[in-house]
Amino acid sequence: MDPALPAALRVAIDQRLEGRAREGLARRASALSEGYRKGRASSALVRGAEDALAYALTRTPATYAAVRRALEETCALDPGFRPSSLLDAGAGPGGAGWAALDAFPGISEVTRLDHNLAFLDLAGALAAEGPEALAGARRLQADLAAGELPAESRADLVIAAYALTEIAPSTLPGAISRLWGATGSRILIVEPGTPEGWRRGLEVRQELIALGARILGPCPHAGPCPISAPDWCHFSQRLPRSRDHRRAKGGEAPFEDEKFFWIAAARPGQYSPAPPVSRVIAPPRTSKAGVRLRLCRPDGTVEDVDFARRDRAALVKVRRLDWGDALPEDGPPEVGGQ
């Protein structure tokens, strides 16, 4: 997968930036970031087109990259899935929808749902020259935390990317129930890769299991998470930064690493379970002796596993694995940990 924004989306954002002072956008972007860190909702922060554009410039590249990576991992676990419809719940500027169309070009119907009209307007404008399904997407103004989702929002694939962050804990179970009710086949939740994002992800996971969903990943099991604080489970995706992106975020590095956590689940009757595989849940550690991987196992345990250089057959299978990857199904399953 390519973590960079699709060319059509990048051009659309650049066109919206023409004639606008970059310093003003940078100030807006900084204020948005500070507000989100303090737990303020987008409805209080994104009050118009300029705020929405600043958000798109600074956050859409990372949102796209994280969702695209999560979809890549989901596709590896569920290669036969071919959705024809998508609900992008809490769509914001629409980055998750672009990631879904890149992963599944056969999607022909898209619904964008958000409570913020500035986001819905911008998402529609950015998609005007994009894939036909995005350009003609249905838009719904609704709040995930309140009320039932309209019947027309039901889709084969439901994605909620960075959308549950703003939902109060007391309303989270109801929001998950409504999202699952709109899910025809698969659901993907992406949250920030922070301790709080992970804890919220675990709550989502538990709610989905209680509703009868089958967890696809990243967990290779449906039991309690074996990780405990102060550690937490999360993943990282590197993505390139444009010049305007760097200026808006006040950084010089040509890339950034987006930390995120994801949960994917399926309706059991529409999924043929594949054998569960272990997943790398920390950056691999390479030494002269070989490679050490921290693995979340199908039996519900976490184990540090060493692959020695002298065992060339085993090392060849794992040496290119990175943080967040699944162990090959024919990989060495019984290598002892240290």
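Residues numbered from 1 in each chain as written. Predicted model: local features only at pLDDT ≥ 70, side-chain atom pairs only at ≥ 80, totals over all residues. Heavy atoms only, no water.

K.L.:
What am I meant to see in the pairing of strand 12 (residues 302-308) here?
P.N.:
Side chains on a regular strand alternate between the two faces of the sheet. Looking at chain direction, strand 11 (residues 290-296) and strand 12 are connected through 7 bridges and run antiparallel. Within the sheet, the bridge partner assigned to Arg 292 lies in strand 12 and is Asp 306. Here strand 11 hands over to strand 12 after 5 residues, with Gly 300 in that stretch at a positive phi of 85°. (Pairing = 2+ DSSP bridges. Helix = DSSP H or I, 4+ residues; strand = E, 2+ residues; numbered from the N terminus.)

K.L.:
When you look at the packing of aromatic side chains in this model, what are you seeing that I'm missing?
P.N.:
Any two aromatic rings considered together are summarised by their centre-to-centre distance and by the angle between their planes. The full count for this structure, using the stated rule, is 3 aromatic pairs. Ring geometry for Phe 235 against Phe 260: centres 6.3 Å apart, planes inclined by 50°, an arrangement best described as tilted. Note that Phe 235 is positioned in strand 7 (residues 235-240) and Phe 260 in strand 8 (residues 255-266), a separation of 25 residues in sequence. Each member of the pair Phe 235 and Phe 260 is classed as buried. Of note, Arg 267 hangs over the ring of Trp 180, and the distance from its end group to the ring centre comes to 4.2 Å. (Phe/Tyr/Trp six-rings, centres within 6.5 Å; stacked < 30°, edge-to-face > 60°. Buried < 20%, exposed > 50% of the residue type's maximum accessible area, 1.4 Å probe, protein only. Lys NZ or Arg CZ within 6 Å of the ring centre and 35° of its normal.)

K.L.:
What's the story with the packing of helix 1 (residues 7-17) against helix 6 (residues 117-126) in this structure? I'm lost.
P.N.:
Helix packing for two helices is described by the angle between their axes and how far apart those axes are. One way to put it is that helix 1 packs onto helix 6 with a least axis distance of 9 Å and a crossing angle of 120°. As far as their axial angle goes, helix 6 and helix 1 are oblique. Contacts from Leu 9, Ala 12, Ile 13 and Arg 16 in helix 1 reach Leu 122, Ala 125 and Leu 126 in helix 6. (Axes fitted to C-alpha atoms, helices over the stretch in contact; angles between N-to-C directions. Parallel < 35°, antiparallel > 145°, perpendicular 65-115°, else oblique. Contact = heavy atoms within 4.5 Å.)

K.L.:
What is the right way to read the side chain of Arg 200 from this model?
P.N.:
Relative to the helices and strands, Arg 200 resides in helix 9 (residues 195-210). One polar contact links Arg 200 to Glu 191, side chain to side chain, over a distance of 2.3 Å. Ignoring any residue separated from it by four or fewer positions in sequence, one finds Arg 200 in contact with Leu 164, Thr 165, Leu 172, Glu 191 and Pro 192. (Polar contact = N/O pair within 3.5 Å; in protein donor to acceptor, adjacent residues only side chain to side chain.)

K.L.:
Is there a simple way to explain helix 8 (residues 172-181) in this structure?
P.N.:
Side chains three or four residues apart in an α-helix point the same way, a direct result of the helix having 3.6 residues per turn. Residues of helix 8 that are buried include every one of Leu 172, Ala 175, Ile 176, Leu 179 and Trp 180, and no others. When helix 8 is viewed along its axis, its buried side chains cluster within an angular range of 135° and face the same direction. Each element contacted by the buried residues of helix 8 is listed here: strand 1 (85-89), strand 4 (155-161), strand 5 (183-192), helix 9 and strand 8. (Arc of directions from axis to C-beta.)

K.L.:
For this particular structure, what's the right way to read the packing of helix 1 against helix 4 (residues 49-77)?
P.N.:
Contact geometry for helix 1 and helix 4: axes closest at 10 Å, N-to-C directions at 140°. Handedness of the crossing formed by helix 1 with helix 4: left-handed. On the side of helix 1, the interface is formed by Leu 9, Ile 13, Arg 16 and Leu 17, while helix 4 contributes Leu 53, Ala 56, Leu 57 and Thr 60. The class makeup of the residues in the contact of helix 1 with helix 4 is 6 nonpolar, 1 polar and 1 charged. (Left-handed = near helix turned anticlockwise from the far one by under 90°. Nonpolar A, V, L, I, M, F, W, Y, C, P; charged D, E, K, R; others polar.)

K.L.:
For this particular structure, what's the right way to read the nonpolar core?
P.N.:
Formed by 90 residues in total, the largest nonpolar core has its most connected members in Ile 159, Leu 179, Val 190 and Leu 208. Broken down by element, this core gets its largest block of residues, 12 residues, from helix 4. (Core = buried A, V, L, I, M, F, W, Y, C linked by side-chain atoms within 4.5 Å.)

K.L.:
Would you mind showing me how to read the pattern of salt bridges here?
P.N.:
Pairs may arise between side chains of opposite charge once their charged atoms sit close together. Overall, the coordinates contain 18 salt bridges when judged by the stated rule. Across the salt bridge formed by Arg 68 and Asp 102, the nearest N and O atoms sit 2.6 Å from each other. Of this pair, Arg 68 sits in helix 4 while Asp 102 sits in helix 5 (residues 95-103), and the two are 34 residues apart along the sequence. According to the relative accessible area criterion, Arg 68 is buried, its value standing at 7%. Sharing partners across several salt bridges, the network here consists of Arg 69, Glu 73, Arg 279 and Asp 325. (Salt bridge = Lys/Arg side-chain N within 4 Å of Asp/Glu carboxyl O.)

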